[in-house]
Each structure stands twice: as structure tokens, then as C-alpha cells.
Amino acid sequence: LPPETLTGADYVPVFDQYVGFGDSVVAARLSVLFAQHGREAHMRLASKLDFTELRDSSAVLIGAAYTNRWTMELSQKLRFRFDFCGSDKPCIVDSNGGKQWTLSGKSDNGRSTEDYILGCRLLRAETGGFVVIGAGLTQVGTEEAGRILSDPDAMVPLLRKLPAAWRTQNLEFILHSEVLGDAPTAPELIAAHVW
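Below, the structure is looked at part by part. Predicted, not measured: the structure shown is a model, and the values here were computed from it.

**Thoughts on the overall build of the protein**
Working step 1: Secondary structure summary: the protein contains 5 helices and 9 strands in total.
Working step 2: When its helices and strands are written in sequence order, the protein yields α-α-β-α-β-β-β-β-β-α-α-β-β-β.
Working step 3: Across the 195 residues in the protein, those meeting the buried criterion constitute 42%.
Working step 4: Residue pairs in contact within the protein that sit at least 24 positions apart in sequence constitute 50% of those at least 6 positions apart.
Working step 5: Just so you have it, the protein exposes about 11,400 Å², and 52% of that area is on carbon and sulfur atoms.

**With respect to the state of the cysteines**
Working step 1: One pass over the full model with this rule turns up 1 disulfide.
Working step 2: Two residues, Cys-85 and Cys-91, share a disulfide whose sulfurs are 1.8 Å apart. Of note, the bridge from Cys-85 to Cys-91 carries an S-S torsion of about 55 degrees and is right-handed in sense.
Working step 3: On the accessibility criterion, Cys-85 (6% relative accessible area) is buried.
Working step 4: You can see Cys-120 has no disulfide; the closest cysteine sulfur is in Cys-91, sitting 16 Å from it.

**Section: the packing of helix α1 (residues 21-36) against helix α4 (residues 139-150)**
Working step 1: Interhelical geometry of α1 versus α4 gives an angle of 10 degrees and a closest axis separation of 7 Å. Our classification of the angle between α1 and α4 gives roughly parallel. For the pair α1 and α4, contact is made by Phe-21, Gly-22, Asp-23, Val-25, Val-26, Arg-29, Leu-30 and Leu-33 and by Gln-139, Thr-142, Glu-143, Gly-146, Arg-147, Leu-149 and Ser-150, respectively.
Working step 2: For the contact of α1 with α4, the residue count by class is 6 nonpolar, 5 polar and 4 charged.

**Some thoughts on the side chain of Asn-68**
Working step 1: With respect to the helices and strands, the residue Asn-68 is situated in the loop between β1 (59-62) and α3 (69-75).
Working step 2: Taking the relative accessible area as the measure of exposure, Asn-68 reaches 6% and is therefore buried.
Working step 3: A distance of 3.0 Å separates a polar atom in the side chain of Asn-68 from the backbone oxygen of Ile-62.
Working step 4: A distance of 2.8 Å separates a polar atom in the side chain of Asn-68 from the backbone nitrogen of Trp-70.
Working step 5: Leave out the neighbours within four places in its chain, and Asn-68 touches Ala-46, Leu-61, Ile-62 and Gly-63.

**Here's the deal with α4**
Working step 1: Counted at 1.5 Å a residue, the expected span for α4 with its 12 residues is 16 Å, and the 16 Å between its end C-alpha atoms agrees.
Working step 2: For α4, every residue scored as buried is listed here: Val-140, Gly-141, Thr-142, Glu-144, Ala-145, Gly-146, Ile-148 and Ser-150.

Scoring rules and cut-offs
Residues numbered from 1 in each chain as written. Predicted model: local features only at pLDDT ≥ 70, side-chain atom pairs only at ≥ 80, totals over all residues. Heavy atoms only, no water. Helix = DSSP H or I, 4+ residues; strand = E, 2+ residues; numbered from the N terminus. Buried < 20%, exposed > 50% of the residue type's maximum accessible area, 1.4 Å probe, protein only. Contact = heavy atoms within 4.5 Å. Areas by Shrake-Rupley, 256 points an atom, 1.4 Å probe, with all protein chains shown as cover. Disulfide = S-S within 2.5 Å. Axes fitted to C-alpha atoms, helices over the stretch in contact; angles between N-to-C directions. Parallel < 35°, antiparallel > 145°, perpendicular 65-115°, else oblique. Nonpolar A, V, L, I, M, F, W, Y, C, P; charged D, E, K, R; others polar. Polar contact = N/O pair within 3.5 Å; in protein donor to acceptor, adjacent residues only side chain to side chain. Expected span 1.5 Å × (residues − 1).

Purely geometric numbers; function is a separate question.
Written out as C-alpha cells, the structure reads:
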């Protein structure tokens, strides 16, 4: 079509009806994990979840900058946090020193040759309860975050690289993974903070 025929006037925004593939894979993995441990889980769209619900229970927040406002909100005061860098590119920022992790190989269609993953465990978050955050800068990283959170065989080797104090304290870590096709390679721990 000629460019002048694509005005956008016929586009209709549709909110709160669709979930990203990476987010849905993580939700399914975590649902299975909770069921195996006899735990009940309730899924909510971040846009439909209010602070009262977060305050009244523990939470696992899936997804980052584009898909979960609570991930953005609850990580803003942390050392490692999601943000937008440069010309509104999603990134992870280190508040101590300003280091930024951005996707250098991201194309216009959203695919990337790499991803960064932010994992976080807050024993007592601003909500007053236990919160876990797992998300990548793209859906591939988010899906990998869910695999790591739900699979001890994937999580244990990463935890072995952390100071022993992580067991009783708050924890944040950043992973980097190359992306081959639409799948991440084994992630590498590149930064961690325990407090």
C-alpha cells in the first residue's frame, strides 16, 4: 500500500485482552511448580491488579517494561531496575554508578541476538510481603527467567556463584544470554547485589 493510505485511523487499540507469549509460558511453568508443592496460585493481569491485592499476599511478578507496571513500580528503588535508556529503549540500570545494559542487536521487529534478565527476591517488599521478579528485556529473556525460577537444575548453578548471605537476605541478579533463533543460550551471571 502507498504510505499515504496507512493513516492509522482504522487501528483500534485493544487493552487487557492479550498476554505476551514469554509471559504466558512463565505463568504456565510457575503454575505447575506451585501445584507440585501444593500451593494455590492466582494469575492477574498487571493492569487489573491493584496494590491492595499485592499487599495481601506474596507475589511473583512476570514481565518487565512493556508488560508489567508492578515490576517497574516495585523495582524503581532497587539497585538494579528496569528503565528506558537512550531513545526509549528498554534497559536495566545499575543505580550505583549508572551502568546500563541495553540490547545492541535488537531489530525493528523486536527480535534480538541477546537478552538481559533481571531476577529479584524481596523478603519484605514495599507491599509488606514476599515478592519475586523475573523478567527479560524481551519475551525470550522473560521466558528464560521463568525457566530458571521454576527449575532447580537451572537455578542452583547460578545461586552457587552468589555470596552465602543470599539465603537470608534480599537478592537481585542480572543474567546475560545470547539468543539463537528464538531461544536463549545458557545465561551467564554478570551482576548481583545482596542486602
